[in-house]
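A structural walkthrough
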Amino acid sequence: MSPQAARGHEHMVEVDAHEVDEPVGEPDRGRPPRRWAAILGIAIPLVVYVVVVLSGATLSSLGISGLREDPADPLGTQWGQAREIRSDEYLTQSSQELAVLATGHSTHSLLARGPDITFQLSSGQLAESLLFAEYNLLRLGPVLPDEQLFSAVRNFSLLLLALTLPPLLRRFGASTPTAWLAFALTVLAPVTLWWSLTPVRLISHASAGCLFLLLAHEQWLRAADKGRTALRRTGALGLAAAGGVLLARFGTCYVPWYITIGTPLVVATGLFLVREAPRRAALVVLGTGAAAGVATLGAAFWQNWPAVEATLNTLYPGQRRETGVVAEAWALFGTPGLYQLQDGALPSVLNQPEITSAYTLCGLWALWLLRRGLPGATPSMRAACWGLALTTGFWALWCTISWGSLGAHIPGVNLVPPGRAAQSVGFGSAMLLAVALARAPRQGRIIALVPAAICAGVTLYGLRDLQGIMPSLPTLAVVVATVTVAALVWLLTVHPRGLPVALACLVLLYPVVRVNPVLIGLGDMRDSESAVLAAEVGDRARAAGKFIATDTTTTSALFVANGAPMITGWQISGPNEGQWRKLDPTGQYEGAWNRGASYLTVAFPPERAPAPVVVSPFPDVIQVQVHPCEFPDSLRLGWIVTSARHRGGCLELERELRWSGQVHYLYAVRAGEGRDADDRQRTGRR
């Protein structure tokens, strides 16, 4: 490329890298964003993040009464109501993160495999430290305050999304206001708040990875016209590699949502780059990112191969395969009526988080705006728009038509339950809307009534269907929600600018503002007497090479959070088959224990039985029924914590502790001495 051509192409890239604030037809369209606006877009999220972290605030439900020593006298400060239904957060993810704070690495049940890949935790291995970079903060627990580190990790995904999604969407053609509207539609979607920000955790790394690839491409092209070309291109390759590593997280955590939420951004980014000229630079960037991502993910899988293999071989979710089916109308378009869930309304099917979704109606709105194309957009912008539209449309079809046996044979796609697609298809719709609102020709006030009527119609359809599973939703609320949707769609279609966007964000806040509490600190999980005791017993167990078992999930969470080596807890990735065979040598209970994503509990019956029994009373619970004195010695059970007194020659009561508002008993298990004495008593009776 000649210097003149390179300079011309560089100018085009710099213009494309900024948003177009004015709609088509305005004389100053193409104006780059004001510098102060760009600075505020970075400074404000950073300042808010620092303030929140220093305060130790999170949206965690760790303050639930079950995780309190005395629920009537809780430690710390909590504003709002903790949600018992969010046990996936406070009993699993949070306790595992607190365990890393306590020990510097993750912990897991003796019967289970490591949780690092599933929970995106770093235990210090090189690949994990790169792949899950922010979780290295938890390993600083021994030297920095736990409350601030926990807050820093929990709020990091919000910061990352705020810093990366708006500039990414601006490169695709969105304006600053519409890009921030997409941010609000993502963060304030009911499915986001009812699932403890899990969608944000996933999409933030997808948006950051895609943005890094675009920045790498821009840096590479600038190198063609400026000095120190090698140095600049090295920096570009570094950005591309970082983007690939961020996108490699697609193979971790909750893969079905990563596929539905992240795919639109990845496809849009790829099409954007390959549509740019010269394509050689785009291919170099994409190739570098792909190589770095595959290498890092492969190394992390190799380091955690027992856990990965266990997950793949589980009956659930490893061997589950799905096909597309027709979703209910409420699952796609009932989102505006979910505000009642905050007040304790219960659906007649599933539960509160399971019926939540994002704003799918944005996709229909965007398609109407795009009916006349994107005049004035660059070819790369159009390619990105096509990428968003096609991938979002595909996932919409996955949950709106029946795919029969065909769907179950599509690799990757068959990992996505249609219900999860219905919950998350609204995220891609919001991104597509951000581009459509900014780039579509200006709509007149009369014409804008058409998309308002379309969105109002599907909202009314979805809310009427929602009333079938939420009878407490009044008809007046259905009417108000429908009219509100119509008014906002009309207003934003006519004026997609700052003030209408701010108004829309305030309205979006109403259905979810009280979903999660604001917790300052860690509740009773660190400073209570029971937490101190759990840490002390954990240290003793670790020194003796022993393990602890409890008969309630809340006491398991307490001991896990304080770093104790456990037999109970969570079997997230999958089972350690060799250890399970010590309880079930013949494998007759494999259907109950060969599962992932499950709570692992022990029930201590008062009487002995010939052999342990393993059951799965609920889809996400594995329960071992065994008398403490009948535990195989090879499992090295050293202590049990029970909610009822037990008798047996192998048990010695050490302490009583109060947790969840009731007394629990800590017994030491004397495997040799106690069991032999009990056996002699039984022999004598015979």
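Up top you'll find the structure we're talking about.
Residues numbered from 1 in each chain as written. Predicted model: local features only at pLDDT ≥ 70, side-chain atom pairs only at ≥ 80, totals over all residues. Heavy atoms only, no water.

1. Structural notes on the nonpolar core
Most often, soluble globular proteins keep nonpolar side chains buried together rather than apart. Counting 109 residues, the largest nonpolar core has Leu169, Phe172 and Leu265 as the members making the most contacts within it. Sorting elements by how many residues they give to this core places helix H18 (residues 418–439) first, with 12 residues. When neighbours within four sequence positions are excluded, Leu265 is seen to be in contact with Leu165, Leu168, Phe172, Ile203, Ala206, Ser207, Cys210, Leu388 and Met431. Within the second largest apolar cluster, 53 residues are counted, among which are Tyr90, Phe132, Val308 and Leu522. (Core = buried A, V, L, I, M, F, W, Y, C linked by side-chain atoms within 4.5 Å. Buried < 20%, exposed > 50% of the residue type's maximum accessible area, 1.4 Å probe, protein only. Helix = DSSP H or I, 4+ residues; strand = E, 2+ residues; numbered from the N terminus. Contact = heavy atoms within 4.5 Å.)

2. Some points on the pattern of salt bridges
For the structure on display, the rule yields 18 salt bridges. One salt bridge connects Glu322 with Arg320, and the closest N-O pair in it is separated by 3.7 Å. Its salt-bridge partner being Glu654, residue Arg670 comes within 3.9 Å of it at the nearest N-O pair. One end of the pair, Arg670, is in the loop between strand E11 (662–669) and helix H26 (671–685); the other, Glu654, is in strand E10 (residues 651–659), with 16 residues separating them in the sequence. The class for Arg670 is partly exposed, based on a relative accessible area of 35%. Taken together, the shared-partner salt bridges in this structure form one network comprising Arg540, Glu652, Glu654 and Arg670. (Salt bridge = Lys/Arg side-chain N within 4 Å of Asp/Glu carboxyl O.)

3. Details of the packing of aromatic side chains
Following the criterion strictly, the structure yields 13 aromatic pairs and no others. For the pair Phe172 and Phe272, a centre-to-centre distance of 5.9 Å together with 50° between the ring planes defines the contact as tilted. With a gap of 100 residues between them, Phe172 in helix H6 (residues 146–172) and Phe272 in helix H11 (residues 255–275) connect regions that are remote in the sequence. Exposure remark for Phe172: the relative accessible area of 0% places this residue in the buried category. The class for Phe272 is buried, based on a relative accessible area of 6%. Taken together through their ring pairs, the aromatic side chains of Phe394, Trp395, Trp398 and Trp403 make up a single cluster. (Phe/Tyr/Trp six-rings, centres within 6.5 Å; stacked < 30°, edge-to-face > 60°.)

4. Observations regarding the sheet that holds strand E9 (residues 637–642)
As a general point, the strands of a sheet are linked pairwise by backbone hydrogen bonds and lie either parallel or antiparallel. Ordered in space as E4-E9-E11-E10, the 4 strands form an open sheet in which the pairing is mixed. Since the sheet does not close on itself, it has two edges, and those belong to strand E4 (547–550) and E10, each with one partner. Direction aside, neighbouring strands of the sheet carry axes that sit 20° apart on average. Sheet analysis places E9 next to E11, joined by 4 bridges and oriented antiparallel. Directly across from Trp639, in E11, lies its bridge partner Ala668. (Pairing = 2+ DSSP bridges. Axes fitted to C-alpha atoms, helices over the stretch in contact; angles between N-to-C directions.)

5. Considering the state of the cysteines
Applying the stated rule across the entire model yields 1 disulfide. Summary of cysteine pairing: Cys385 is not part of a disulfide, and the nearest cysteine sulfur, belonging to Cys362, is at 14 Å. The structure places no disulfide on Cys505, whose sulfur is separated from the nearest cysteine sulfur, that of Cys362, by 11 Å. (Disulfide = S-S within 2.5 Å.)

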